[in-house]
Amino acid sequence: MTIRINDIMDAVSSYMPDVDRNLIEKAYVFSARIHQGQIRLSGEPYLNHPLEVAWIITQMKLGTASVAAGLLHDTIEDSLTTVDDIRAEFGEEVAFLVDSLTKISMINFRSREEQQAENFRKMILAISKDLRILLIKLADRLHNMRTLQYHKPDARYRIARETLDIYAPLANRLGIHWVQRELEDLGLKYTDPEGYSTLKASLDAEIKEKDKYLKDIMEKLRVELGKYGLKGDIVGRTKHIYSVYQKLKRQGIPFENVYDILGVRIILNTIGECYEALGIIHSMWMPIHSRIKDFIAMPKENMYQSLHTTVIGPLGERIEIQIRTHEMDFIANEGIAAHWRYKEGKRISEKDGEKFSWLRQLLESQSELRDPREFLQSLKIDLYPEEIYVFTPGGDILRFPIGATPLDFAYSVHTELGHHCKGAMVNDQIVPLNYELKSGDIVKILKSSKATPSKDWLRIAKTTRARNKIRTWLRAQEREQSINLGREMLEKALAGYRKKGEVKEPDLDRLAGEFSLKSGDELLASLGFGRISIHQAMHKIVPESERALPRKRKPKKKTEETGVRVKGVENLLIRFAKCCRPLPGDDVVGFITRGRGITVHRSNCPYVVASDPQRLVPVEWDTESTEEHEVEFSVICRDKPGMLGSITAVIGAENVNITKAKVQSLSTGNARCVFRVMVKDLPELKGLFKKIHGLKGVENIERLQSF
């Protein structure tokens, strides 16, 4: 279906009778003039894109200014049009939205990762000014994903991966689940095309097979609820492809072992009726106690409310049932968009801020983190919150991600309480710092002035807030130590020259300027960290005529033999991190280790993310290197005779040497095979994975980090 301007007008008028039709028509004409002659990769007129974006915005039921901004969102970036032009034609509100959307993407960076991080940082900052900016951005991304097939394969994968990592979780946190589901399914389609098509076919077959069973369940519910005077809507629901894919991957099970693909949603008039219906359903079928969740009493942070239960229905089939009111169902589909459309042009109020506390956390993290890798990692942590609910001694409820510890609790109350946390009382029992909090726990923090953060705390804390506060404290301490170490190193190096009166006391601030540093303390810290050698500093301080000839040293191992070069620096000792085992082709970064040169890590290595970004240096692979690297991976497959032999045969056929292998039987009827092999680079490993994945009975392959 090709979207026309009349379709957009009709859609807006259906939920906003007083719509400013002239403004939208004017925006359409302006956009058509600006984009005249421009063609998308699909070959269609570029104007189709802003029309589609505006249409998606109407499905979110946003107001006139948002629809107009959707039509105009690319006009500044793709032409000589300025924000002043937009302001003169359409007013301040539309100009603000278009300008904010443009600023998110119009900036040049040194690396793609830096660009991605800064774009998201700008987007998070924009949320504090107006949530509609993010909603329009989601609409833009959704239409781009619908037409992703026209991009080149590498661009398709990159955009789809970014969508799964950031945009789909953002839609989820905003509660706009219809956008989230489509983004996730499209993201999977382009990151794992084979897995997507196979799973889609299996789901379609399962839905067709269970259609009559589901209708019978719904009829039984309708009759039973009617006996108690409960009338409402009863509809069938199906898990979307990506959610099933994630469950298969997370649990390592075959498709046949997924029991909650189909479900039922009951929509009633009042909260009281919802709880009454839950009791009736549990009297009809046996509930699974661990699967009963009350999101009415404790709503999710995106305002989602519903009762969830899973029961053992007829024929022993598991049935997931959701019970909610009509208002809750509306919020569950539209999320924050349903709330925000009534507040066009207004900032987030303090009351709204309580509902969207996770937005405040994102804003806090973007202001505290300067390194792109850290920011992206923190953003992803904030966007994947499987929540638990715990209580303060005073009875207040606090939300945390699953796996949160007393450290996360302490830092959520106050930074100083976190810094001096030595343990906690949970339900009147003393627990250690690494205790995992559970829903319903009552937590009291034990404080001591002697307790201070350590690097181990970064492995214990799970929330972005806690990890940021710990990093900040550690950096301050490490910087002070490095300044002292740098001063000591410089004093020792100058001692001999001072006795002879050959050098004056160095002006550290001036010397720092010669290394493009801002102060003497920065220079001393750089000496202590090892970013500047004492030899380099002395070269600037001691007159050339007074310098002693350097002793001849044994040549260091050439960097070419390691297969990695440090950008802009020669003759550095380089080694590979054992915590993540990087391969040529991986995105890598170097970490300065005192006295041990550069350690090369994968960029997404947890150790790197938790480290001081000032100690990171850019490195690149030497494409001429032929050195082989050891890597370990696991294969989840059917536990049947000959399976191991088939996998090892494929590995042998690819001329890949196996250095170690072990097999473990799982309770699911599968086996987990772990192989350690020698490969030249990432493409060779991916090629091997593709061949193994093609074997019948192989469910999943995963590269392992450390071993």
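Just so it is clear, the structure is predicted and the values come from calculations on it, not from any experiment.

The rules we used
Residues numbered from 1 in each chain as written. Predicted model: local features only at pLDDT ≥ 70, side-chain atom pairs only at ≥ 80, totals over all residues. Heavy atoms only, no water. Salt bridge = Lys/Arg side-chain N within 4 Å of Asp/Glu carboxyl O. Helix = DSSP H or I, 4+ residues; strand = E, 2+ residues; numbered from the N terminus. Buried < 20%, exposed > 50% of the residue type's maximum accessible area, 1.4 Å probe, protein only. Patch = residues over 30% accessible without salt bridge, like charges linked within 9 Å, V, L, I, M, F, W, Y side chains within 5 Å. Areas by Shrake-Rupley, 256 points an atom, 1.4 Å probe, with all protein chains shown as cover. Lys, Arg positive; Asp, Glu negative; His and termini not counted. Charge placed at Lys NZ, Arg CZ, Asp CG, Glu CD. Pairing = 2+ DSSP bridges. pLDDT = per-residue confidence, 0-100. Contact = heavy atoms within 4.5 Å. Arc of directions from axis to C-beta. Core = buried A, V, L, I, M, F, W, Y, C linked by side-chain atoms within 4.5 Å. Axes fitted to C-alpha atoms, helices over the stretch in contact; angles between N-to-C directions.

### Description of the pattern of salt bridges
Link 1 in the chain: Taken as a whole and assessed by the stated rule, the structure comprises 24 salt bridges.
Link 2 in the chain: Arg-87 is the partner of Asp-84 in a salt bridge, and the nearest nitrogen-oxygen pair spans 2.6 Å. Of this pair, Asp-84 and Arg-87 are both found in helix α5 (residues 83-90), 3 residues apart, which corresponds to roughly one turn of the helix.
Link 3 in the chain: A relative accessible area of 30% means that Arg-87 is categorised as partly exposed.
Link 4 in the chain: Each of Asp-84, Arg-87 and Glu-92 takes part in a single network of salt bridges with overlapping partners.

### Observations regarding a negative patch on the surface
Link 1 in the chain: Together, Glu-480, Asp-507, Asp-509 and Asp-521 make up a negatively charged patch on the protein surface.
Link 2 in the chain: Within the element layout of this structure, Glu-480 appears in helix α22 (residues 464-499).
Link 3 in the chain: Accessibility expressed as a relative area gives 45% for Glu-480, which makes it partly exposed.

### Topic: the pairing of strand β14 (residues 588-593)
Link 1 in the chain: Judged by how many residues are buried, β14 sits mostly within the fold: 6 of 6 residues are covered.
Link 2 in the chain: Burial of β14 is two-sided: the residues Val-588, Gly-590 and Ile-592 facing one way and the residues Val-589, Phe-591 and Thr-593 facing the other way are all buried.
Link 3 in the chain: As defined by bridge partners, β14 adjoins strand β16 (residues 616-617) across 2 bridges and the pair is classed as antiparallel. Looking at the pairing, Phe-591 lines up with Leu-616 of β16.

### Some thoughts on the confidence of the model for the protein chain
Link 1 in the chain: On average, residues of the protein chain score 82 in pLDDT, and 82% of them are at 70 or above.
Link 2 in the chain: Predicted confidence is poor over residues 340-354, with pLDDT under 50, and the contacts of this stretch with residues over four places away or in other chains come to 30 contacts.
Link 3 in the chain: Low confidence marks residues 549-560, where pLDDT is under 50. Its contacts with residues over four positions away, or in another chain, come to 7 contacts.

### Some details on helix α27 (residues 643-653)
Link 1 in the chain: Every buried residue of α27 is accounted for by Met-643, Ile-647, Val-650 and Ile-651. Within α27, the buried residues cover an arc of 100° as seen down the axis, which keeps them to one side.
Link 2 in the chain: Looking at the buried positions of α27, the neighbouring elements they touch are β18 (629-638), β19 (657-665), β20 (670-679), α28 (682-693) and β21 (698-703).
Link 3 in the chain: Looking one or two residues past α27, Asn-655 carries a phi angle of roughly 60°, positive in sign.

### Considering the nonpolar core
One recurring pattern in soluble globular proteins is that nonpolar side chains are buried together.
Link 1 in the chain: In this structure, Ile-8 and Val-94 are the most contacted members of the largest nonpolar core, which totals 58 residues.
Link 2 in the chain: Ranked by residues supplied to this core, first place goes to helix α8 (residues 132-146) with 8 residues.
Link 3 in the chain: Ile-217, Val-258, Leu-262 and Ile-281 belong to the second largest nonpolar core, which has 38 residues in total.

### Considerations on the sheet that holds strand β9 (residues 421-426)
Note on sheets: strands pair through backbone hydrogen bonds, and any given pair is parallel or antiparallel.
Link 1 in the chain: Sheet architecture is open: 3 strands sit in the order β10-β9-β11, paired in antiparallel fashion. Whereas interior strands pair on both sides, the edge strands pair on one side only; in this sheet they are β10 (429-431) and β11 (443-447). Pairwise comparison of adjacent strand axes, ignoring direction, gives a mean angle of 35° for this sheet.
Link 2 in the chain: Packed onto the sheet, helix α19 (residues 406-413) meets β9, β10 and β11 and runs at close to 85° relative to β11.

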